[in-house]
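Structure assessment
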2 protein chains.
Amino acid sequence: MNQPRDIVKKLTEHGYRLTPQRLMIVSAIEDSDGHISAEEIYAQVIAKYPQVNISTVYRTLELLKKLGLVTETDFGEGRVRYHPAGKGHHHHLVCQECGAIVDLDESVLVPLKNVLLREYGFSADLRHLAIFGRCVKCSQ
Amino acid sequence: MNQPRDIVKKLTEHGYRLTPQRLMIVSAIEDSDGHISAEEIYAQVIAKYPQVNISTVYRTLELLKKLGLVTETDFGEGRVRYHPAGKGHHHHLVCQECGAIVDLDESVLVPLKNVLLREYGFSADLRHLAIFGRCVKCSQ
DNA sequence: AGGTATATTGCAAGCTTTTGCAATTACAAC
DNA sequence: GTTGTAATTGCAAAAGCTTGCAATATACCT
């Protein structure tokens, strides 16, 4: 499990600078329950450090994604949510009718990942997926 | 395979009005090679009918999606692309390193669809998916 | 500690998509 | 063919996210 310290370590290892903005953004993500939006991160950061710009939040999120430290999931809300990769992966079944969200164990996608790797040589990044459709109730 | 006539039929069946805007938007999608963006549809439509607004394009696309007549795919370009549902479904493997796109047969996702239905009662809408990751070349 | 290179930031503008609202128009009923 | 009404549109503004550029600040080197 990654802790803020591990993220900081990974940043310096890759030659990225440790700015106060980055440290606060990382803390906000780590302190969250796991599905935090850019706007929510931004709100937390400016509470302590009001001159930070939201574009810095987006740029930091992009960097953390690139380093594999956070995953991004689109729940179809019109905004995307972020999850610290160290807190484990899981997926979501999102009902387009009633909006219900059911969590899905990561293992369900392992066979697909294996097929893609075996038959196409493709390493799929399926770490935090939202699958849309209809739940049991709404399918009737 | 749906033709414009079928789409028109489905619209009237559901009580939606046949406006010239809708008819032109439907034609643009049907005439495309299958992965057309909202901006491209808009450009085709205003060539003949200049006062049409792009929000009408987006609203029509939303309606066609809801009726299952078009599918929407995010290739990670910062804009989404549309495909007439009648022209068949397929998926895409998008390499995040080099941008290569490999087409994937629909059948590869059938086992996943079945597991979700059997174990969660969830009818997944997996008609035109983009899966991100790394292609063979970029994985080394 | 001080100087330097360059990564990073803030700002403003832009892009894609969505939404509220008033004006318009398709379609059904007469 | 007229009329009524509710669906649809255009417009303008806004939401979410990205980007170019000049100013700033981190980390390295001495």
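Read on for a plain summary of the structure. Since the structure is predicted, the reported quantities are computational estimates derived from the model, not experimental observations.

If you look at the biggest cluster of nonpolar residues, it comprises 24 residues, and the most contacted ones within it are Leu112, Leu116 and Ile131 of chain A together with Leu112, Leu116 and Ile131 of chain B. Breaking this core down by element, the ones donating at least two residues are β4 (91–95) and α5 (110–120) of chain A together with β4 (91–95) and α5 (110–120) of chain B. Not counting residues within four places of it along the chain, the set of residues in contact with Leu112 of chain B comprises Val108, Leu109, Leu112 and Ile131 of chain A together with Leu126 of chain B.

Surveying the vicinity of DNA strand C reveals 22 residues, the closest of which are Arg17, Gln21, Arg22 and Thr56 of chain A together with Tyr58 of chain B. One of the side-chain nitrogen or oxygen atoms of Ser55 of chain A is found 3.4 Å away from a base nitrogen of DNA strand C. If you list the elements that add at least two residues to the surface near DNA strand C, you get α2 (20–31) and α4 (54–66) of chain A together with α3 (38–48) and α4 (54–66) of chain B. Its residues assigned to classes, the surface near DNA strand C comprises 7 nonpolar, 8 polar and 7 charged.

Moving on, we get to the interface of chain A and chain B. Taken together, the contact pairs 27 residues of chain A with 27 residues of chain B. Between chain A and chain B, roughly 1900 Å² of surface is buried when both sides are summed, and carbon and sulfur atoms account for 72% of that area. Summed over the shared surface of chain A and chain B, the result is 0 salt bridges. Counting across the interface, chain A meets chain B through 8 residue pairs in polar contact (both at pLDDT 80 or more). At the level of secondary structure, the elements contributing two or more residues to the side of chain A that touches chain B comprise β4, β5 (101–104), α5, β6 (123–124) and β7 (130–134) of chain A. Its residues assigned to classes, the side of chain A that touches chain B shows 18 nonpolar, 5 polar and 4 charged. As judged from the 2 bridges shared by β7 of chain A and strand β6 (residues 123–124) of chain B, these two strands associate in the antiparallel manner. Of the residues in β6 of chain B, the one forming a bridge with Gly133 of chain A is Ala124 of chain B.

All names here are of chain B. Under the definition given, this model contains 10 salt bridges over all chains. Between Glu97 and Arg134 there is a salt bridge whose closest N-O contact spans 2.7 Å. Within this pair, whereas Glu97 is found in the loop between β4 and β5 (101–104), its partner Arg134 is found in strand β7 (residues 130–134), the two being separated by 37 residues in sequence. When its relative accessible area of 32% is taken as the criterion, Arg134 is described as partly exposed. Notably, a salt bridge pairs Asp125 with Arg127, separated by 2.8 Å at the nearest N-O pair. On the basis of relative accessibility, which here comes to 23%, the residue Arg127 falls in the partly exposed class.

The relative placement of two packed helices comes down to the angle between their axes together with the axis-to-axis distance. Residue and element names in this part refer to chain B. One way to put it is that helix α2 (residues 20–31) packs onto α4 with a least axis distance of 10 Å and a crossing angle of 70°. The pairing of α2 with α4 is recorded here as roughly perpendicular in orientation. Contacts between α2 and α4 involve Gln21, Arg22, Ile25, Val26 and Ile29 on the former and, on the latter, Thr56, Val57, Thr60, Leu61, Leu63 and Leu64. A class-by-class count of the residues in the contact of α2 with α4 yields 7 nonpolar, 3 polar and 1 charged.

About the thresholds
Residues numbered from 1 in each chain as written. Chains lettered and ligands numbered in written order. Predicted model: local features only at pLDDT ≥ 70, side-chain atom pairs only at ≥ 80, totals over all residues. Heavy atoms only, no water. Core = buried A, V, L, I, M, F, W, Y, C linked by side-chain atoms within 4.5 Å. Buried < 20%, exposed > 50% of the residue type's maximum accessible area, 1.4 Å probe, protein only. Helix = DSSP H or I, 4+ residues; strand = E, 2+ residues; numbered from the N terminus. Contact = heavy atoms within 4.5 Å. Near = heavy atom within 4 Å. Polar contact = N/O pair within 3.5 Å; in protein donor to acceptor, adjacent residues only side chain to side chain. Nonpolar A, V, L, I, M, F, W, Y, C, P; charged D, E, K, R; others polar. Buried area = accessible area lost by both parts, 1.4 Å probe. Salt bridge = Lys/Arg side-chain N within 4 Å of Asp/Glu carboxyl O. Pairing = 2+ DSSP bridges. Axes fitted to C-alpha atoms, helices over the stretch in contact; angles between N-to-C directions. Parallel < 35°, antiparallel > 145°, perpendicular 65-115°, else oblique.

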